[in-house]
Amino acid sequence: MKKNNLLNRRNAIITGVSALGSLLLNGCSESSPPTYGNILRMGDMLTYNAHRTLLPGQSLVKEYAHRDISSFPATGTTNPGDSSRSGFSEDYERFHRKAFADWSLKVEGSVKRPGSYSMTHLQRFPLRKQITRHTCEEGWTAIAEWTGLPLRVLLQDAGILPTARFVNFIAYDGYIDSIDLLDSFHPQTILAYGMNGRNLPVQHGAPLRLRVETQIGYKSMKYLQKIVVTDEFMDNGDYGWAWYTGI
Ligand SMILES: Nc1nc2c(c(=O)[nH]1)N[C@H]1C(S)=C(S)[C@@H](COP(=O)(O)O)O[C@H]1N2
Ligand SMILES: [Mo]
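**Student:** Requested: an account of the overall build of the protein, with residues and values cited.
**Tutor:** Helix and strand counts for the protein come out as six helices and 10 strands. In the protein, which comprises 247 residues, the proportion classed as buried is 45%. Of the contacts made within the protein by residues no fewer than 6 positions apart, 68% connect residues no fewer than 24 positions apart. Carbon and sulfur atoms make up 55% of the accessible area of the protein, which totals about 12300 Å².

**Student:** Before we move on, can you summarise empty space enclosed by the protein with the specific residues and values?
**Tutor:** The tally for this structure, following the rule as stated, stands at one cavity of 30 Å³ or more. Looking at the largest cavity, the residues that line it are Arg133, His134, Thr135, Arg211, Val212, Glu213, Gln215, Gly217, Ser220 and Ile247. Looking at the lining of the largest cavity, the element that brings in the most residues is strand β3 (residues 128-135), giving three residues. Here the lining of the largest cavity is composed, by residue class, of two nonpolar, five polar and three charged.

**Student:** Help me get a handle on the nonpolar core, residues and values and all.
**Tutor:** Trp103, Leu105, Leu151, Leu154, Phe169, Leu191 and Leu208 are the most contacted members of the largest nonpolar core, which has 37 residues in total. When residues of this core are traced back to their parent elements, those giving at least two are α3 (90-97), β1 (104-109), α4 (119-124), α5 (151-158), β5 (166-171), β7 (190-195) and β10 (224-230). With five residues, α5 is the single largest residue contributor to this core. Setting aside anything within four residues of it in sequence, one finds Trp103 in contact with Phe95, Tyr117, Ser118, Met119, Leu122, Tyr172, Pro207, Leu208 and Leu224. Membership of the second largest hydrophobic core comes to 10 residues, among which are Phe72, Cys136, Ile190 and Met195.

**Student:** So what's going on with the site of ligand 1? Residues and values would help.
**Tutor:** Close to ligand 1 lie 22 residues, the nearest being Pro73, Asp173, His204, Arg209 and Lys222. At 2.7 Å from an oxygen atom of ligand 1 is found a main-chain nitrogen or oxygen belonging to Pro73. Taking Thr77, its main chain carries an N or O atom lying 2.9 Å from an oxygen atom of ligand 1. More than half of the atoms of ligand 1 fall within 2 Å of the grid points belonging to the largest pocket.

**Student:** How would you sum up a nonpolar patch on the surface? Please name residues and give values.
**Tutor:** A cluster of nonpolar side chains, Ile39, Leu40 and Met42, forms an exposed patch at the surface whose accessible area comes to about 400 Å². The residue Leu40 is located in the loop between α1 (3-25) and α2 (43-54) in this model. Judged by relative accessible area, Leu40 falls into the exposed class, the value being 77%.

**Student:** So what about the sheet that holds β1? Which residues, and what values?
**Tutor:** As summarised here, the arrangement of the five strands in space is β2-β1-β10-β5-β6, forming an open sheet in which the pairing is mixed. The open sheet has two free edges, formed respectively by β2 (115-118) and β6 (176-180), since each of these has just one partner strand. Direction aside, the axes of adjacent strands within the sheet are offset by 20 degrees on average. Judged from the four bridges that link them, β1 and β10 form a sheet pairing that is parallel. Each bridged residue has a counterpart across the sheet, and for Lys106 the counterpart in β10 is Lys226.

**Student:** Account for the pairing of β6, naming residues and giving values.
**Tutor:** β6 sits mainly inside the fold: four of its five residues count as buried. Bridge count for β5 against β6 is five bridges, and the pairing is antiparallel. Among the inter-strand pairings, Phe169 is bridged to a residue of β6, identified as Asp177. Hairpin connection of β5 to β6: four residues between the antiparallel strands, including Gly174 at a positive phi of 95 degrees.

**Student:** Kindly report on the pattern of salt bridges, identifying the contributing residues and their values.
**Tutor:** Throughout the structure, instances matching the rule amount to 11 salt bridges. As a salt-bridge pair, Glu213 and Arg211 come within 3.1 Å of each other at their nearest N and O atoms. Since its relative accessible area comes to 4%, Glu213 is described here as buried. Arg211 sits in the buried class, given a relative accessible area of 2%. Members of the salt-bridge network, linked through shared partners, are Arg41, Asp177, Lys219, Asp235 and Asp238.

**Student:** Go over the layout of surface pockets with me, naming the residues and quoting the values.
**Tutor:** In this structure, the largest pocket encloses a volume near 380 Å³. If you trace the largest pocket, you find 24 residues lining it, with Thr75, Gly76, Tyr175, Tyr218 and Lys222 closest to the centre. Grouping the constituent residues of the lining of the largest pocket by class yields 11 nonpolar, eight polar and five charged.

Quick notes on the rules
- The numbers attached to residues start from 1 for each chain and follow its sequence in the written order.
- Throughout, the order in which chains and ligands are written sets their labels, letters from A for the former and numbers from 1 for the latter.
- For a predicted model such as this one, the threshold for reporting local features is a pLDDT of at least 70, and the threshold for listing and counting side-chain atom pairs is 80 or more; totals across whole chains, interfaces and linings nevertheless cover every residue.
- Heavy atoms throughout the structure, all of them, feed into the side-chain values; hydrogens and water do not.
- Helix and strand definitions here come from DSSP, where helices need a minimum of 4 consecutive H or I residues and strands a minimum of 2 consecutive E residues; each element is numbered from the N-terminal end.
- Type-normalised accessible area, obtained with a 1.4 Å probe on protein chains alone, sets the label of each residue: buried when under 20%, exposed when over 50%, and partly exposed for intermediate values.
- Note on contacts: a residue pair qualifies if any of its non-hydrogen atoms lie within 4.5 Å across the two residues.
- Under the convention used here, a 1.4 Å probe and the Shrake-Rupley method define accessible areas, while residue burial counts only the protein chains that appear.
- Points on a 1 Å grid over protein atoms alone make up a cavity when a 1.4 Å probe fits among them but cannot get out, and a pocket when they form an open set with protein on both sides within 12 Å along at least five of seven lines; lining residues each have an atom within 4 Å of a point.
- Grid points are joined across faces, edges and corners, and a volume is the space filled by probe spheres set on the points.
- Residue type decides the class: Asp, Glu, Lys and Arg count as charged, Ala, Val, Leu, Ile, Met, Phe, Trp, Tyr, Cys and Pro as nonpolar, and the leftover types, Gly among them, as polar.
- Only buried residues count toward a nonpolar core. Its members are Ala, Val, Leu, Ile, Met, Phe, Trp, Tyr and Cys residues joined through side-chain atoms within 4.5 Å.
- Here a residue counts as near a molecule or strand whenever at least one of its heavy atoms sits within 4 Å of it.
- N or O atoms within 3.5 Å of each other form a polar contact, as long as, within protein, one can give a hydrogen and the other can take it, and as long as residues adjacent in sequence are counted only when both atoms are side-chain atoms.
- By definition, a pocket or cavity contains a molecule when more than half of the molecule's atoms lie within 2 Å of the pocket's grid points.
- Nonpolar side chains (Val, Leu, Ile, Met, Phe, Trp, Tyr) are joined into patches within 5 Å and like charges within 9 Å, using only residues with over 30% relative accessible area and no salt bridge.
- A carboxyl oxygen of Asp or Glu within 4 Å of a side-chain nitrogen of Lys or Arg is what we treat as a salt bridge.
- Only strands that DSSP links by at least two bridges are regarded as paired with each other.
- Geometry is summarised by axes, namely lines fitted to C-alpha atoms with helices restricted to the contacting stretch, and by angles between N-to-C directions that run from 0 to 180 degrees.

So this is what it looks like as structure tokens:
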């Protein structure tokens, strides 16, 4: 490693530590994951601690060029409107039949203005496009371009309360998960309605999915139904996987 790189790296770490310091002062970050203490979830501690100590909270993951876009498998639930498969939702089937025209995203919990956002409303916010690599815990990766609004923008529009600490996501197929505020306010954490320049396809989470680029693939929830902001951590078990899986 060249001396310059070393110095840059050292500076990045110093900046990171001081950024973390100011976040701690603001009560915005913690050095232990909320699953700390649960013997079965000890793995969270390793990645969470390392990330939160060494990386500036808002450091960006790598973004790619259009020529890097790859084929993209669909995994887990690929259509909650299919009654012959697990994760079936009658509501989803109804929205799907009308091309999601009357679908809306509910936002509840520790926000000043709980309510629903239609797709037209969501698409009026400033958008972000990013070409990123998705890493699935099954061992494959794929690159796509995502279009959506930063989660931060939605949380600020709903008026996130100062007591809030976690953002929970509920999907039509019954998937429930959460991320902390540092990841929620990360510039690349977006609510995506577009993939590779088209509307998000059903197998990839239509009409709206989460992209948490700082963590492994299963945190990027598809088929979003509702967002609930909470002051306390709710442990949904993550289907036996780690709650925090920083990459
Ligand atoms: N609602 C929901 N979200 C989900 C899943 C799922 O089954 N249901 N699978 C997760 C996993 S394990 C991965 S790797 C990605 C897969 O996204 P893709 O189908 O677009 O490749 O979505 C994640 N989000
Ligand atoms: Mo995955």
